Amino acid sequence: MAEAQNIPVGSTTAGSIAVAAESTVATRMSAPPSFDVADFPVPHGREEEWRFTPLERLRGLHDGTATATGEGVKVTVEAPEGVTVETVGRDDARLGRAGTPVDRVAAQAYSAFEQASVVTVPKETVLTEPIRIAVHGEGGTAYAHQVIELGAFAEAVVVIDHTGDAVLAANVEYVIGDGAKLTVVSVQDWDDKAVHAAQHDALVGRDASLKSIIVTFGGDVVRLHPRVRYAGPGGEAELFGLYFTDAGQHQEHRLLVDHNVPHCKSNVVYKGALQGDDAHAVWIGDVLIEAKAEGTDTYEMNRNLVLTDGARVDSVPNLEIETGEIVGAGHASATGRFDDEQLFYLMARGIPEKDARRLVVRGFFAELVQQIGLPDIEERLIGRIEEELEASVA
Amino acid sequence: MATLEIRDLHVTVEADNATKEILKGVDLTVKQGETHAIMGPNGSGKSTLAYSLAGHPKYTITGGTVTLDGEDVLEMSVDERARAGLFLAMQYPVEVPGVSVSNFLRTSATAIRGEAPKLRTWVKEVKEAMERLNMDPAFAERNVNEGFSGGEKKRHEILQLELLKPKVAILDETDSGLDVDALRVVSEGVNRVRETGEVGTLLITHYTRILRYIKPDHVHVFANGRIVESGGAELADKLEAEGYEAYTKGGASA
Ligand SMILES: Nc1ncnc2c1ncn2[C@@H]1O[C@H](COP(=O)(O)OP(=O)(O)OP(=O)(O)O)[C@@H](O)[C@H]1O
Ligand SMILES: [Mg+2]
């Protein structure tokens, strides 16, 4: 199922459902996955995975010129009792299990980080309080590596907040044991100049579940690449995303769900609002159903609300199906302008223009937030959206 | 006593890179407590009149005046007009995704009344108003007009009319798309508001059917962008019998 409507000038909403013998998701990358940055040529910008990204604004993360500074980024982990928090060296055997860097910046981060942070929730430990990770940029450049591991049947909520100013490239791994449940909220609330590129790899165990909520408000360039694979059947991944792209910001979310084992589910819903000159949002949703992944059930959706002229959206859902033995597979993408008729209707009921605009944008995001199913996170998010609207929709 | 005065109103729209005059000198006075029916053929400019009074940005006022109790309506923004006491029930109400009816109603009541209604009495007020209009309470939690049937949208408009208690209500084809039962329920809603004697009603319609339920004090025939004849309720009977032909042949060249 594909749909597209009201596409503003200067935006693309292209989708495809390909039935392919061989994955084009994999082959259209300019180099195979590798931990070594030397295996990737310096991108020039026309590569499939870089064609939407303003390389000149990556501050050298892509071409080896960005060197880490001492006080680049401060990471603070606050964890409830029972959780192990460690700082480990590059040779720790627990690193690199969930996935392998797929582009030059992720490989650069893997090749350059000095210490990694490993947070472990032991098996059968059910946390009642979230693990909080604060990543605060202090104006420098940093390469980071974070592992979050849940043992079998463990349950945890992790909230990662990104604030301040930094040039940061990172890999984040989620290793989710059999029957475990991980909810992770990653908020990109950077200052205006920050550059943040990260690959998130989740390995979802047998009958395990991942709920990921990505919230991107700030930064000059934010380019996130959440990826999901399954370690056994019965796994479930719900990937929610919400972004608010202001004038001059580039916010790019590239997702891959690789249905590599049978009987797993995935549901992807990303929504974004854009306003101001040269606000640019990119959403790439790749879902791959491999030949062996019978019984897969997947759906992905991206919606964008363009509030003003001068903003641009590129939204590309891409579903590749190598087996017909599936429960369901669908995608949808739509980009629409802020509807002046809605504004008129609300104002004709006495509601001042500013409030009416906020009501419409809040409503747009509320539809997504209501699907998260975790009241305290929903409340927090609505609160953050309010703040963002207060600050930016006038 | 609130009075809406429309004098020699001229309105244009931009269509296909050309400016087209739609309203060509409308004169009308609506006083609180009165009901005026405006009847006319398709395309004669009835909705244009309604939208222009409400301040829709697509319509450009090129001449004339509109005042509410002497205040210049044309100077006001859309929301100011609503707060001044104008209400437009739309021919085609707009869907607002993600905004629940209850949130919408409360936000607009707060804006119109100048303060947030007390929660307890408000909930009761809405519930009772919905009951009177045969609306399922579940509507309160649905998104504004989203997936509403034509009849449900019109009931929702009249619900707002009842809650917002305007000085002048413009009802643009509130009767169209309603079956007989819905027409009766909606008309009863309008009549409840009229019976307060607090509202002046401008009932825009193409058909005489609704006038069996809502008795107008004045009937105006609208053709080719202006009022071409005015009379009492008997004028509606004449239109019922003879149609609009007599009015469209001569004057309407557009
Ligand atoms: N926004 C607009 N852009 C272009 N033309 C318009 C616009 N609004 C109205 N018109 C034109 O103005 C004329 C009057 O339209 P209007 O909708 O006011 O008529 P109406 O009397 O309400 O008709 P109906 O009985 O069908 O509702 C029509 O020719 C219509 O095409
Ligand atoms: Mg009309």
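Nothing here was measured: the structure is a model prediction, and the numbers come from that model.

**Student:** Describe the site of ligand 1, naming the residues involved and giving the relevant values.
**Tutor:** Residues and elements named next belong to chain B. Around ligand 1 there are 16 residues in total, and Asn42, Gly43, Lys46, Ser47 and Thr48 lie nearest to it. Within the backbone of Gly45, one N or O atom sits 3.0 Å away from an oxygen atom of ligand 1. When isolated, ligand 1 has an accessible area of 630 Å², and the protein chains bury 71% of it. Here the element with the most residues in the shell around ligand 1 is helix H1 (residues 46-54); it accounts for three residues. Taken together, the residues of the shell around ligand 1 break down into five nonpolar, seven polar and four charged.

**Student:** Residue-level account of the layout of surface pockets, with values.
**Tutor:** All names here are of chain A. Counted as a void, the largest pocket has a volume near 760 Å³. In terms of lining residues, the largest pocket is bounded by 35 residues, among which Val73, Val75, Gln115, Tyr143 and Ala144 are the most central. Every element with two or more residues in the lining of the largest pocket is listed here: strand S3 (73-78), strand S4 (84-89), strand S5 (115-121), strand S6 (131-150), strand S7 (155-176) and strand S9 (195-204). Of all the elements, S6 adds the most residues to the lining of the largest pocket, at nine residues. By residue class, the composition of the lining of the largest pocket is 17 nonpolar, 13 polar and five charged.

**Student:** Requested: an account of the nonpolar core, with residues and values cited.
**Tutor:** With 114 residues, the main nonpolar core has B:Leu4, B:Ile6 and B:Leu49 as its most contacted residues. Looking at which element gives the most residues to this core, the answer is helix H4 (residues 353-369) of chain A, with eight residues. Taken domain by domain, the makeup of this core includes at least three residues from each of domain 1 (17-337) and domain 2 (340-394) of chain A. Apart from the residues lying within four places of it in its own chain, the contact partners of B:Ile6 are B:Val26, B:Asp27, B:Leu28, B:Leu49, B:Leu53, B:Thr65 and B:Val66. By size, the runner-up hydrophobic cluster in this structure holds 56 residues, among which are A:Ala156, A:Tyr174, A:Ala208 and A:Val261.

**Student:** Which residues make up the coordination of the magnesium ion (ligand 2), and what are the values?
**Tutor:** All names here are of chain B. Taken together, the protein donors to the magnesium ion (ligand 2) comprise Ser47 (OG) and Gln91 (OE1), at separations of 2.0 to 2.3 Å. Remark: Gln91 occurs in the loop between strand S6 (86-89) and strand S7 (96-100) and Ser47 occurs in helix H1; sequence separation between them is 44 residues. For the pair shown, Ser47 and Gln91 are each scored as buried.

**Student:** Hey, could you go over empty space enclosed by the protein for me, with residue numbers and the actual values?
**Tutor:** All names here are of chain A. Scanning all chains against the criterion turns up four cavities of 30 Å³ or more. Within this model, the largest cavity holds a volume of roughly 80 Å³. Of all the elements in the fold, those that place two or more residues in the lining of the largest cavity are strand S8 (181-188), S9, strand S10 (209-216) and strand S11 (221-230). Partitioned by chemical class, the residues of the lining of the largest cavity number eight nonpolar, three polar and one charged. Taken as a whole, the second largest cavity spans an internal volume of roughly 70 Å³. What lines the second largest cavity is Asp103, Val105, Ala106, Ala170, Ala197, Ala198, Gln199, Arg223 and His225. At the level of secondary structure, the elements contributing two or more residues to the lining of the second largest cavity comprise helix H2 (104-112), S9 and S11. Top element by residues in the lining of the second largest cavity is S9. It accounts for three residues.

**Student:** Quick rundown of helix H3 (residues 101-113) of chain B? Include the residues and the values.
**Tutor:** Between its first and last C-alpha atoms H3(B) spans 18 Å; for 13 residues at 1.5 Å apiece the expected length is 18 Å, and the two agree. Buried residues belonging to H3(B) abut helix H3 (340-347) of chain A together with helix H2 (78-84), S7, helix H4 (119-132), strand S8 (143-144) and helix H5 (150-164) of chain B. Among the residues trailing H3(B), B:Gly114 stands out with phi positive, at a value near 85°.

**Student:** Give a detailed account of the UniProt feature "domain: SUF system FeS cluster assembly SufBD core" (unreviewed entry) in chain A, specifying residues and quantitative values.
**Tutor:** Per the UniProt record, the feature "domain: SUF system FeS cluster assembly SufBD core" (unreviewed entry) sits at residues 137-364 of chain A. Strand forms 62% of residues 137-364 of chain A and helix 9%; the C-alpha atoms that close the span are 30 Å apart.

**Student:** Which residues make up the sheet that holds strand S2 (residues 18-31) of chain B, and what values do they have?
**Tutor:** Residues and elements named next belong to chain B. An order of S2-S1-S4-S5 is seen for the four strands of this open sheet, with the pairing classed as antiparallel. Two strands close off the open sheet at either side, each with one partner strand: S2 and strand S5 (71-72). Relative to S5, strand S4 (residues 59-68) runs antiparallel, the two sharing two bridges. Residue pairing across strands places Thr67 opposite Asp72, the latter belonging to S5.

**Student:** So, the confidence of the model for chain B: which residues are in play, and what are the values?
**Tutor:** On average, chain B scores 94 in pLDDT, and the residues at 70 or more come to 98%. Here the predicted complex carries an ipTM of 0.96, next to a pTM of 0.82.

**Student:** A description of the pattern of salt bridges should follow, citing residues and the corresponding values.
**Tutor:** Tallied over the full model, the rule gives 35 salt bridges over all chains. A salt bridge links A:Arg384 to A:Glu387; its shortest N-O distance comes to 3.0 Å. Of this pair, A:Arg384 and A:Glu387 both sit in helix H5 (residues 375-392), three residues apart, which is roughly one turn of the helix. For A:Arg384, a relative accessible area of 15% translates into the label buried. Of the residues examined, A:Glu387 reaches a relative accessible area of 49% and is grouped as partly exposed. Close ionic contact of B:Arg83 with B:Asp79 constitutes a salt bridge, the shortest N to O distance being 3.1 Å. One end of the pair, B:Arg83, and the other, B:Asp79, are both in helix H2, four residues apart, so they sit about a helical turn from each other. What makes B:Arg83 partly exposed here is its relative accessible area of 34%. Under the relative-accessibility criterion, B:Asp79 is labelled buried at 6%. Connected via shared salt-bridge partners are A:Asp103, A:Arg223, A:Glu252 and A:Arg254.

**Student:** Lay out the sheet that holds strand S10 (residues 200-205) of chain B in plain terms, naming residues and giving numbers.
**Tutor:** All names here are of chain B. Taken in spatial order, the six strands of this open sheet run S6-S9-S10-S3-S11-S12, and their pairing is mixed. In this open sheet, the two strands that pair with only one neighbour each are S6 and strand S12 (226-231). For this sheet, the mean angle separating the axes of adjacent strands, direction not counted, is 20°. Judged from the five bridges that link them, strand S3 (residues 35-39) and S10 form a sheet pairing that is parallel. Bridge pairing in S10 places Thr35 opposite Thr201.

**Student:** Outline the interface of chain A and chain B, listing residues and values.
**Tutor:** Counting from both sides, the interface comprises 18 residues of chain A and, opposite them, 35 residues of chain B. Of the roughly 2000 Å² buried between chain A and chain B, counting both surfaces, carbon and sulfur atoms make up 67%. Of all residues in chain A, A:Phe344, A:Tyr345 and A:Arg349 bury the most surface against chain B, accounting for 40% of the area lost on that side. Applying the counting rule to chain A against chain B returns two salt bridges. A salt bridge links B:Glu157 to A:Arg349, with the nearest nitrogen and oxygen atoms 2.7 Å apart. On the surface where chain A and chain B come into contact, there are ten residue pairs in polar contact (both at pLDDT 80 or more).

Criteria and cut-off values
By convention here, each chain's residues receive numbers from 1 onward along its written sequence. Just so you know, chain letters begin at A and ligand numbers begin at 1, following the order they were written in. The predicted origin of the model limits local features to residues at a pLDDT of at least 70 and limits the giving and counting of side-chain atom pairs to 80 or more, whereas totals for whole chains, interfaces and linings rest on all residues. The side-chain figures draw on all heavy atoms in the structure; neither hydrogens nor water molecules are used. Nearness of a residue to a molecule or strand requires only that one of the residue's heavy atoms be within 4 Å of it. Throughout this description, a polar contact denotes any pair of N or O atoms lying within 3.5 Å of each other; where both atoms belong to protein, one of them has to be capable of donating a hydrogen while the other can accept it, and for residues adjacent in sequence the pair is counted only when both atoms sit in side chains. Note on areas: Shrake-Rupley, 1.4 Å probe, and residue coverage restricted to the protein chains presented here. Secondary structure is summarised from DSSP: a helix means a run of H or I of at least four residues, a strand means a run of E of at least two, and numbering begins at the N terminus for each. Each residue is assigned to one class: nonpolar for Ala, Val, Leu, Ile, Met, Phe, Trp, Tyr, Cys and Pro, charged for Asp, Glu, Lys and Arg, and polar for all the others, Gly among them. The definitions used throughout rest on a 1 Å grid laid over the protein atoms alone, on which a cavity is an enclosed set of points accommodating a 1.4 Å probe that cannot get out and a pocket is an open set flanked by protein within 12 Å on both sides along at least five of seven lines; lining residues are those having an atom within 4 Å of a point. Grid points are joined across faces, edges and corners, and a volume is the space filled by probe spheres set on the points. Put simply, buried Ala, Val, Leu, Ile, Met, Phe, Trp, Tyr and Cys residues joined by side-chain atoms within 4.5 Å make one nonpolar core. To sort residues, take the accessible area from a 1.4 Å probe on protein chains only and compare it with the maximum for the residue type: under 20% means buried, over 50% means exposed, and anything in between is partly exposed. For every domain, the bounds stem from an assignment made automatically or drawn from a database. Contacts are assigned to residue pairs that have any heavy atoms within 4.5 Å of one another. Nitrogen, oxygen and sulfur within 2.8 Å of a metal are treated as its donors, or within 3.2 Å for sodium, potassium and calcium (Na, K, Ca); water is not counted, so a site can appear incomplete. A helix's residues, less one, multiplied by 1.5 Å, set its expected span. UniProt positions are given in the numbering used here, feature names are shortened, and annotations may be inferred rather than shown by experiment. Think of it this way: DSSP has to see at least two bridges between two strands before they count as a pair. One confidence number per residue, pLDDT, is output by the predictor and ranges from 0 to 100. Salt bridges are counted wherever a side-chain nitrogen of Lys or Arg sits within 4 Å of a carboxyl oxygen of Asp or Glu. Lines fitted to the C-alpha atoms define the axes, with helices restricted to the stretch that makes contact. Angles between their N-to-C directions range from 0 to 180 degrees. Buried area: the accessible area, evaluated with a 1.4 Å probe, that two parts lose upon being put together, summed over both parts.

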